[in-house]
Amino acid sequence: MSVFAAQPFQGIATFGRVPHSQDYSGADVAIVGVPFDASVSYRSGTRFGPRAIREQSLLLWGYNNVLRVAPFQALKIVDLGDVDVVPVDIAATHRAIEAKIAPVVAAGCKVIALGGEHSISLPLLRAHAAKYGPLAVVHFDAHPDTWDEEYSGYKYSHGTPFRRAIEEGLIDTSAYLQIGIRGPTAGPQDYVDARNLGAKLITIDEAFTLGVEKLSAFIRETVGSRPVYVTLDIDAVDPAFAPGTGTPEVGGFSSYQMLQLVRGLNGLNCVGFDLVEVSPPFDGQQITAILGSNLVFEFLSLLALRK
Ligand code: MN
Ligand code: MN
């Protein structure tokens, strides 16, 4: 029976109605939720992100008419459920994420993580770098997330994961792109720091000047044939299109542009993906969760085309 034989408003929501299973042997892709929001710097709520994205994913009928592929048919996908997070303990949560994900990645199964806030990318990168070595990273975000400890007051938070990842040698900084960066900061140092750490920081103004097509070509050129980890903070998208998030910044990508940017990664050796910062308590009419589920669908389509 097709996983889409049921009506979209019927049944229990795994992502795309794939089987809920801890058995990823022989699977191409494992979906995992990380319902964690302890280190958000403004409004919390991303602990409800995975559930909301899964619920809206039931609307994905299965065939991608732009990329011309049916990822749920082309790939064997399982939904591992959620990581056992510890809401008051970021270190314990990060250990739990790495413990659950590392063996899956080591087995050659691609992981798609549904956040959760952006701190979860650090243990996810640890798990992926253990298999692939230092990774090219395509990072869509309004924020560089490379705060230092003195400035933010915390070593580990959703404002610091990529500084920590670079320090730990998880990222190949010759192919680390930050895309869509914008909004007021405390001073010019945020961008200076990110660039000094090695990030190719592309502001939203630069992105719009280039246009999606040239920007995508630049991303593909920079990454080349390296294994690449893609991390998508939903606040890269304008809050008019994605209001359900913890630290909204006006003046971002439209939902259509974000879809195009993910499709623009077609042909790259994508080894992992996370979609973070979807915060349902601020999400009127599930608009952000619908976008999130569609962005995951586009990423699954890329994996299906590579298979
Ligand atoms: Mn972020
Ligand atoms: Mn952000």
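Scroll up to find the structure this text is about.
Thresholds applied
Residues numbered from 1 in each chain as written. Chains lettered and ligands numbered in written order. Predicted model: local features only at pLDDT ≥ 70, side-chain atom pairs only at ≥ 80, totals over all residues. Heavy atoms only, no water. Salt bridge = Lys/Arg side-chain N within 4 Å of Asp/Glu carboxyl O. Helix = DSSP H or I, 4+ residues; strand = E, 2+ residues; numbered from the N terminus. Buried < 20%, exposed > 50% of the residue type's maximum accessible area, 1.4 Å probe, protein only. Donors = N, O, S within 2.8 Å, 3.2 Å for Na, K, Ca; no water. 1 Å grid on protein atoms, 1.4 Å probe; cavity = no way out; pocket = protein on both sides within 12 Å on 5 of 7 lines; lining within 4 Å. Points joined across faces, edges and corners; volume = space filled by probe spheres on them. Nonpolar A, V, L, I, M, F, W, Y, C, P; charged D, E, K, R; others polar. Arc of directions from axis to C-beta. Contact = heavy atoms within 4.5 Å.

(A) Just the pattern of salt bridges, in detail. Evaluation of the coordinates by the stated rule reveals nine salt bridges. Here Asp28 and Lys307 are joined by a salt bridge, their closest N and O atoms 3.1 Å apart. Separated by 279 residues along the polypeptide, Asp28 in the segment before strand 1 (29–34) and Lys307 in the segment after helix 11 (287–306) bring together distant segments of the chain. Classification of Lys307 by relative accessible area gives exposed; the value is 60%. We note a salt bridge from Arg126 to Glu168, for which the minimum N-O separation is 2.8 Å. Placement of the pair is Arg126 in helix 4 (residues 121–132) and Glu168 in the loop between helix 6 (161–167) and strand 5 (171–181), with a sequence separation of 42 residues. Given the relative accessible area of 34%, Glu168 is considered partly exposed. It is possible to trace a salt-bridge network through shared partners that takes in Arg54, Asp79 and Asp82.

(B) Geometry of the coordination of the manganese ion (ligand 2). In the first shell of the manganese ion (ligand 2), the protein supplies Asp141 (OD), His143 (ND1), Asp233 (OD), Asp235 (OD) and Asp235 (OD), at 2.1 to 2.5 Å from the metal. Here the donor residues for the manganese ion (ligand 2) map to a single chain with the spacing D-x1-H-x89-D-x1-D. The metal-metal distance between the manganese ion (ligand 2) and the manganese ion (ligand 1) is 3.2 Å, with Asp141 coordinating both. Within this pair, whereas Asp141 is found in the loop between strand 4 (135–140) and helix 5 (149–152), its partner Asp233 is found in strand 7 (residues 227–233), the two being separated by 92 residues in sequence. Accessibility classification places Asp141 together with Asp233 in one group, the buried group.

(C) Expanded view of the layout of surface pockets. By volume, the largest pocket amounts to about 430 Å³. Around the largest pocket sit 28 residues that line it, and His143, Pro144, Trp147, Thr185 and Asp190 are the ones nearest its centre. Residues belonging to the lining of the largest pocket are distributed by class as follows: eight nonpolar, 10 polar and 10 charged. By volume, the second largest pocket amounts to about 160 Å³. In terms of lining, the second largest pocket is formed by Ala38, Ser39, Val40, Ser41, Ile90, Trp147, Ser152, Tyr154, Tyr156 and Ser157.

(D) Helix 7 (residues 189–196), seen in detail. Those residues of helix 7 lying buried are Asp190, Tyr191, Asp193 and Ala194. On an axial view of helix 7, the arc spanned by its buried residues comes to 160°, and they lie on one face. Structurally, helix 7 contributes buried residues whose contacts are with helix 5, helix 6, strand 5 and strand 6 (200–203). Looking one or two places after helix 7, you find Gly198, whose phi comes out positive at around 115°.

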